[in-house]
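Each chain, written out:
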Amino acid sequence: MPKDFEQTGVLDHVANLSSAEDIFTYLLMPFDEEVLNVSRLHIMKRFGTYLRDADFDGMDEDTTFLKARQVLKRAYSDFVQSTPLKEKVFKVFHDEAEKHQARFVGIESLRLAAE
């Protein structure tokens, strides 16, 4: 495990890294460059969501490091097995789905003009 956390803490150090590649490297997490290039923002957004939901209370820095690595692996795996369009991480995807649903006219609701 990198020793940079000794001065700032693992989570603070991760928050100060400037690229997805830096985060993967720091957390010693291998990645496929193609997957990361296609889904970078989605993976990082999902990683942030999973980090917020994770409970780090009472963990020492070594355990925090392993937990953060596990969370990154989970976020990354979401997009290895799926696509950004299917995962709908960003609000714009949800808004578009709602618009589509509002415009949808089911066949059962159609009637002949003469009725």
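All values derive from a computational prediction rather than experimental measurement.

Just checking my understanding: could you explain the packing of aromatic side chains for this structure?
Describing an aromatic ring pair means giving the distance of the ring centres and the angle of the ring planes. All chains considered together, the criterion is met by three aromatic pairs. Centroid distance phenylalanine 24 to phenylalanine 31: 5.0 Å. Interplanar angle 55 degrees. Geometry classified as tilted. Using a relative accessible area of 0% as the deciding quantity, one classes phenylalanine 24 as buried. By relative accessible area, phenylalanine 31 is classed as partly exposed at 30%. An aromatic cluster of at least three residues, connected via ring pairs, comprises Phe24, Phe31 and Tyr76. The ring of tyrosine 50 has arginine 74 lying over it, and the distance from NZ or CZ to the ring centre is 3.7 Å.

Can you help me understand the pattern of salt bridges in this one?
Pairing is possible between side chains of opposite charge, provided their charged atoms come close. Going through the model one piece at a time under the given rule, you end up with two salt bridges. Among the ionic pairs, aspartate 78 bridges to arginine 46, the shortest N-O distance being 2.6 Å. Here aspartate 78 is found in helix α5 (residues 61-80), whereas its partner arginine 46 is found in helix α4 (residues 33-53), with 32 residues between them in sequence. Residue classification places arginine 46 among the buried positions, given a relative accessible area of 11%.

What's the story with α4 in this structure? I'm lost.
Residues lying three or four places apart along an α-helix face the same way, a consequence of the helix completing one turn every 3.6 residues. Where α4 bends most, the angle comes to about 85 degrees, and this point is serine 39. Turning to α4, its buried residues number three or more, namely Val35, Leu36, Ser39, His42, Ile43, Met44, Arg46, Phe47, Gly48, Tyr50 and Leu51. The N-capping residue of α4, defined by a side-chain oxygen 2.8 Å from the backbone nitrogen of glutamate 34, is aspartate 32.

Got a minute to help me understand the packing of α4 against α5 in this structure?
Helix packing for two helices is described by the angle between their axes and how far apart those axes are. Contact geometry of α4 with α5 gives a least axis separation of 8 Å together with a crossing angle of 135 degrees. The angle between α4 and α5 places the two elements in the oblique class. Considering only the axes of α4 and α5, their crossing is right-handed. Taken together, the residues of α5 that come into contact with α4 (itself represented by Val35, Ser39, His42, Ile43, Met44, Arg46, Phe47, Tyr50 and Leu51) are Ala68, Val71, Leu72, Arg74, Ala75, Tyr76, Asp78, Phe79 and Val80.

What counts, and where the lines are drawn
Residue positions are given per chain, counting from 1 as you read along its sequence in written order. Under the rules for a predicted model, residues below a pLDDT of 70 receive no local features and side-chain atom pairs below 80 are neither given nor counted, while totals for whole chains, interfaces and linings still include all residues. Processing note: side-chain calculations cover all non-hydrogen atoms of the structure and skip hydrogens and water entirely. Aromatic pairing here means that ring centres of Phe, Tyr or Trp (its six-membered ring) are within 6.5 Å. Orientation follows from the plane angle: under 30 degrees is stacked, over 60 is edge-to-face, and everything else is tilted. Accessibility here uses a 1.4 Å probe with only protein chains present; expressed as a share of the type maximum, an area under 20% marks a residue as buried, one over 50% as exposed, and anything in between as partly exposed. Placement of a positive charge over a ring is assigned whenever Lys NZ or Arg CZ falls within 6 Å of the ring centre and within 35 degrees of the normal to the ring plane. Definition used for salt bridges: Asp or Glu carboxyl oxygen within 4 Å of a side-chain nitrogen of Lys or Arg. For helices the rule is a DSSP run of H or I covering at least 4 residues; for strands it is a run of E covering at least 2, with both sets numbered from the N terminus onward. In this analysis the local bend is the angle between axes fitted, respectively, to the seven residues ending at and the seven residues starting at the residue. Any pair of N or O atoms that falls within 3.5 Å is considered a polar contact. Within protein, one atom must be able to donate a hydrogen and the other to accept it, and sequence-neighbouring residues count only if both atoms are side-chain atoms. Where helices are involved, their axes are fitted lines through C-alpha atoms of the stretch in contact, as for all axes, and angles between N-to-C directions lie from 0 to 180°. Comment on the angle field: the value is read as roughly parallel under 35 degrees, roughly antiparallel over 145, roughly perpendicular from 65 to 115, and oblique elsewhere. By definition, turning the near helix anticlockwise from the far helix through less than a right angle yields a left-handed crossing, and turning it clockwise yields a right-handed one. Whether two residues touch is decided by their heavy atoms; if any such pair falls within 4.5 Å, the residues are in contact.

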